[in-house]
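# Descriptive structure summary
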Amino acid sequence: MKLSLPWLLSIAVLSLLGSSVATAEEAATGSSPLKVLLVAGGCCHDYETQSKLLKEGIESRMNAEVTVAFNPDHTTRATFEIYESDDWAEGYDVVVHDECSADVTDKAYVQRILAAHRNGTPAVNLHCAMHSYRWGDFRDPVEPGADNAGWYEMIGLQSTGHGPKFPIEVNFTENPITRGLENWTTINEELYNNVRVFDGTTALASGKQTVPPNKAQLKKNPDAKGKVAESVVVWTSEYGPNKTKIFSTTLGHQNETVADARYMDLVVRGLLWSTGNLTKEGEPAAAVLK
């Protein structure tokens with residue numbers, strides 16, 4: 001059957017209208033999920049459990065699809081196959097670094113990771129990511145542009161160690177990321193030190209930890225007082241010529257902390273901010289609502 005020109009035009013218009021309606025509906029419902037890459041593994045933590053907690057926590061709070069690159073290697077030399085490619089971050093909207101690879105010192109390997117962030121891929125750095133990819137005199141404050149400064153410059157803050165596991169009092173500053181979040185005290189966690197805070201870094205929360213005197217100290221002085229330490233534990237920064245948004249927190253050693261709704265809310269807020277999907281009121285943008 002042959003169709004006349006008016007009929008063909010009508011069909012074409014209806015097809016275009018249908019396509020436009022579908023596109024509008026997708027935009028309104030945020031049907032295209034945010035692509036999140038979670039890199040997890042390495043020393044000293046239960047990354048198998050924590051990667052599952054993070055994936056579930058992120059996907060339940062926003063329209064996101066979390067891909068996990070997990071390495072069961074429990075040493076400080078854990079590496080990740082995905083980083084072997086120059087275009088490893090292609091197709092992802094943000095990368096969550098939750099690795100603990102302190103003794104990985106292959107500069108070409110580390111530069112491949114950093115290149116993706118310099119080129120504009122946002123990052124969310126959790127806990128031991130701050131103590132990864134370090135070499136040289138990394139315990140001393142590094143100078144911007146130094147051979148061993150690259151990873152710290154991306155993070156925006158240099159940390160080299162932590163104290164014993166005791167509760168940390170977390171106090172937030174006013175910011176869209178922290179708006180409405182209440183100060184809280186963690187379970188036994190590790191307070192990471194601050195050796196250097198780079199220009200352009202904005203502190204969002206401080207952590208105060210009181211370590212009580214041990215038996216030897218009390219035996220020597222029954223009136224010995226506990227030692228109080230305080231550090232920045234949550235912050236944002238911008239990295240590279242594209243001013244890539246970076247969110248970081250040193251909290252998150254224990255599985256129970258990662259599973260805590262207060263921690264997960266904070267991480268998701270940081271992830272939304274880093275991708276430009278957090279409103280000034282601290283709410284998810286319409287594009288990422290479930």
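As a reminder, the structure under discussion sits directly above these lines.
All of these numbers come straight from a predicted model, not from anything done at the bench.

### A closer look at the pairing of strand 2 (residues 64-71)
Sheet topology places strand 1 (residues 34-42) next to strand 2; eight bridges connect them, and they run parallel. In the strand pairing of strand 2, Ala40 is matched with Phe70. Handedness of the crossover joining strand 1 and strand 2 through helix 2 (residues 47-61) is recorded here as right-handed.

### Some points on the sheet that holds strand 1
Taken together, the nine strands give an open sheet; going across it, the order is 2-1-3-4-11-10-9-6-7, and neighbouring strands pair in mixed fashion. Here the strands that pair on one side only, and so sit at the sheet edges, are strand 2 and strand 7 (184-185). Together, strand 1, strand 2, strand 3 (94-100) and strand 4 (123-126) form the strand contacts of helix 2, whose direction differs from that of strand 2 by roughly 170°. Strands in contact with helix 7 (residues 261-274) are strand 1, strand 3, strand 4, strand 6 (169-172), strand 7, strand 10 (227-239) and strand 11 (244-249); relative to strand 11, the strand with the most contacts, it is inclined by about 170°.

### Looking at the state of the cysteines
As enumerated under the stated definition, the model contains two disulfides in all. In this model, Cys43 is linked to Cys44 through a disulfide, with the two sulfur atoms separated by 1.8 Å. Its S-S torsion of approximately 50° makes the covalent link between Cys43 and Cys44 right-handed. Counting only the cysteines that take part in disulfides, in the order they occur along the chain, gives the pairing 1-2, 3-4.

### Focus on the side chain of Thr236
Mapped onto the secondary structure, Thr236 falls in strand 10. Taking relative accessible area as the criterion, Thr236 reaches 7% and is therefore assigned buried.

### Some details on empty space enclosed by the protein
Scanning all chains against the criterion turns up one cavity of 30 Å³ or more. Here the largest cavity defines a volume of roughly 40 Å³. Lining the largest cavity, in full, are Val110, Gln111, Leu114, Tyr133, Trp135, Asp147, Asn148, Ala149, Gly150 and Trp151. Those elements giving two or more residues to the lining of the largest cavity turn out to be helix 3 (107-118) and helix 4 (150-155). With three residues, helix 3 is the largest single contributor of residues to the lining of the largest cavity.

### Focus: the layout of surface pockets
When its volume is computed, the largest pocket comes out at roughly 240 Å³. Lining the largest pocket are 17 residues; nearest its centre among them are Gly163, Pro164, Val211, Lys227 and Ala229. Secondary-structure elements contributing two or more residues to the lining of the largest pocket are strand 9 (202-211) and strand 10. A total of four residues in the lining of the largest pocket trace back to one element, the largest contributor, which is strand 10. Tallied by class, residues from the lining of the largest pocket come to seven nonpolar, seven polar and three charged.

What counts as what
- Starting afresh in each chain, residues are numbered from 1 along the sequence in its written order.
- With pLDDT at 70 or above as the cut-off, local features in this predicted model cover only qualifying residues; side-chain atom pairs require 80 or more to be listed or tallied, and sums for whole chains, interfaces and linings still use all residues.
- The basis for every side-chain value is the complete set of non-hydrogen atoms in the structure, without hydrogens or water.
- A pair of strands is treated as paired once DSSP finds two or more bridges between them.
- Numbering goes from the N terminus for both helices and strands, where a helix is a DSSP run of H or I of at least four residues and a strand is a run of E of at least two.
- Whether a crossover is right-handed comes down to one check: with the strands pointing away from the viewer, does the path from the first strand over the helix to the second run clockwise; if it does, it is right-handed.
- Contacts are residue-level and defined by heavy atoms, with any inter-residue pair within 4.5 Å sufficient.
- Axis lines are fitted to C-alpha atoms, over the contacting stretch for helices. Their N-to-C directions set the angle, which ranges from 0 to 180 degrees.
- Two cysteine sulfur atoms make up a disulfide if the distance between them is within 2.5 Å.
- Burial classes follow relative accessibility: with a 1.4 Å probe on protein chains only, a residue under 20% of its type's maximum area counts as buried, one over 50% as exposed, and anything between as partly exposed.
- For each structure, a 1 Å grid was placed over the protein atoms alone; sets of points admitting a 1.4 Å probe that cannot get out are labelled cavities, open sets with protein on both sides within 12 Å along at least five of seven lines are labelled pockets, and lining residues have an atom within 4 Å of a point.
- Grid points are joined across faces, edges and corners, and a volume is the space filled by probe spheres set on the points.
- Polarity classes work like this: nonpolar for Ala, Val, Leu, Ile, Met, Phe, Trp, Tyr, Cys and Pro, charged for Asp, Glu, Lys and Arg, and polar for all others, with Gly in that last group.

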